[in-house]
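These are the residues of each chain, in order.
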Amino acid sequence: MNTADLIWMNGEFVPWDEAKVHVLTHTLHYGTGVFEGIRAYETERGTAIFRHHDHLERLKRSAALYYMELPYQLEKLREATHELIVRNELKSCYIRPLVYRGYGPMGLDPLKNPVEVSIAVWEWGAYLGEEGKRRGIRAKVSSWRRISPDSLIPHSKACGQYLNSVLAKIEVSQAGYEEAILLDDQGRVCEGTGENVFVVKDEAIATPPQSASILDGISRKSVIQIARDLGLEVVERDVARAELTLADEVFLTGTAAELTPVREIDDHPIGGGERGPITREVQAIFDEALVGRAERYHEWLDLVEVPSRV
Ligand code: PPE
């Protein structure tokens with residue numbers, strides 16, 4: 001991976017190689033942390049963080065759902081992130097805040113363990129490949145079902161919950177596919193291992209609703225708004241597995257993956273087996289919004305206050 005010079009850890013800027021924890025860190029054993037994935041882009045007005053506040057709010061909510069109170073105000077984390085980007089001299093980067101239960105008593109009651117926070121930033125290219133963003137990727141429905149709200153909290157971006165995504169990712173990548181799509185225990189479509197999913201049929205867009213076992217994606221929300229602003233119909237509703245393969249177009253959205261078309265699912269070509277026209281139209285605006293070239297969506301950008309030097 002691309003490294004950077006400094007990582008922010010509990011209020012200090014520490015050298016990348018020294019950002020370490022004790023092996024008895026609670027989260028390392030039991031997955032009791034929560035995190036965010038955020039991106040900053042180079043824009044004409046300087047480096048800007050996409051929907052920073054929404055991501056920080058989600059971090060706070062994710063933590064609260066696991067009984068953790070953030071030891072810092074969100075504004076403090078926002079400022080720390082700005083300073084971290086500037087001090088690392090990055091123009092664009094991925095941002096990974098982590099709220100974790102630190103070293104303390106072992107055992108499953110975490111409430112006496114300290115809540116600690118780190119923020120790392122690094123350059124991270126296209127998650128599913130540049131070619132994937134242009135041509136679309138090959139996906140497979142995983143045999144692993146998406147975690148159920150009966151057992152865990154799909155709306156919290158919690159570390160341990162990602163074991164579900166990890167199993168699905170390993171399964172499909174070993175079978176030669178680029179991404180997995182997970183269904184819930186009733187066979188309804190949920191999402192990718194790290195992306196929300198959209199299907200397009202007869203020019204209408206559908207995506208699983210908030211009530212599905214999905215993460216409330218910030219890219220998802222942005223793309224829904226962009227599509228509606230373009231005059232397209234977007235419906236949040238249950239999506240059946242067969243709708244994936246019968247769709248004219250399918251695409252995924254996520255901070256890391258941005259908007260990535262899916263050209264094949266379970267070895268069935270989707271539409272013409274390439275990026276479809278509606279996907280292309282929405283993706284073009286979304287990509288412009290990310291880099292500050294869509295005036296209408298400027299309010300989504302949090303400009304990093306001290307300009308980066310490189
Ligand atoms: N679902 C899941 C399960 C998920 O992890 C993500 C983000 C999304 C949907 C899309 O959410 P949003 O980024 O707010 O649009 N996945 C993050 C982690 C990826 C990783 O490999 O780590 C991300 O995209 O940053």
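Residues numbered from 1 in each chain as written. Predicted model: local features only at pLDDT ≥ 70, side-chain atom pairs only at ≥ 80, totals over all residues. Heavy atoms only, no water.

Undergrad: Sorry if this is basic, but what is going on with the packing of aromatic side chains here?
TA: Note on aromatic pairs: each is described by the distance of the centres and the angle between the planes. Tallied over the full model, the rule gives 10 aromatic pairs. Residues Phe 50 and Trp 300 carry aromatic rings whose centres are separated by 5.7 Å and whose planes lie at 85° to one another, so their mutual orientation is edge-to-face. Linking Phe 50 in strand S5 (residues 46-50) with Trp 300 in the loop between helix H8 (277-290) and strand S17 (301-303), this pair joins segments that are 250 residues apart in sequence. This pair shows no difference in class: Phe 50 is buried, exactly as Trp 300 is. An angle of 50° between the planes, with centres 5.3 Å apart, marks the rings of Tyr 94 and Trp 122 as tilted. Here the residue Tyr 94 occupies a position in strand S6 (residues 93-101), and Trp 122 occupies one in strand S7 (residues 115-122), the gap between them amounting to 28 residues. One cation-aromatic arrangement involves Arg 87 over Phe 13; the distance from NZ or CZ to the ring centre is 4.5 Å. (Phe/Tyr/Trp six-rings, centres within 6.5 Å; stacked < 30°, edge-to-face > 60°. Helix = DSSP H or I, 4+ residues; strand = E, 2+ residues; numbered from the N terminus. Buried < 20%, exposed > 50% of the residue type's maximum accessible area, 1.4 Å probe, protein only. Lys NZ or Arg CZ within 6 Å of the ring centre and 35° of its normal.)

Undergrad: What's the story with the nonpolar core in this structure? I'm lost.
TA: Looking at soluble globular proteins, one finds that nonpolar side chains tend to be buried together. Ranked by size, the top nonpolar core spans 37 residues in total, and within it Leu 77, Ile 85, Ile 95 and Val 99 carry the most contacts. For this core, the secondary structure elements donating two or more residues are strand S1 (6-9), strand S4 (38-43), helix H2 (52-65), helix H3 (74-87), S6 and S7. Among the nonpolar cores identified, the runner-up in size contains 24 residues, and Val 200, Ala 227, Val 234 and Tyr 297 belong to it. (Core = buried A, V, L, I, M, F, W, Y, C linked by side-chain atoms within 4.5 Å.)

Undergrad: It is not clear to me how the pattern of salt bridges should be interpreted in this structure. Could you clarify?
TA: Should their charged atoms come close, side chains of opposite charge can pair. This structure, assessed with the given rule, holds 21 salt bridges. When the shortest N-O distance is used, the salt bridge between Arg 135 and Glu 131 registers 2.7 Å. You can see Arg 135 and its partner Glu 131 sitting in helix H4 (residues 130-135), four residues apart, about one turn around the helix. One network of salt bridges, with partners in common, ties together Arg 39, Lys 133, Glu 258 and Asp 287. (Salt bridge = Lys/Arg side-chain N within 4 Å of Asp/Glu carboxyl O.)

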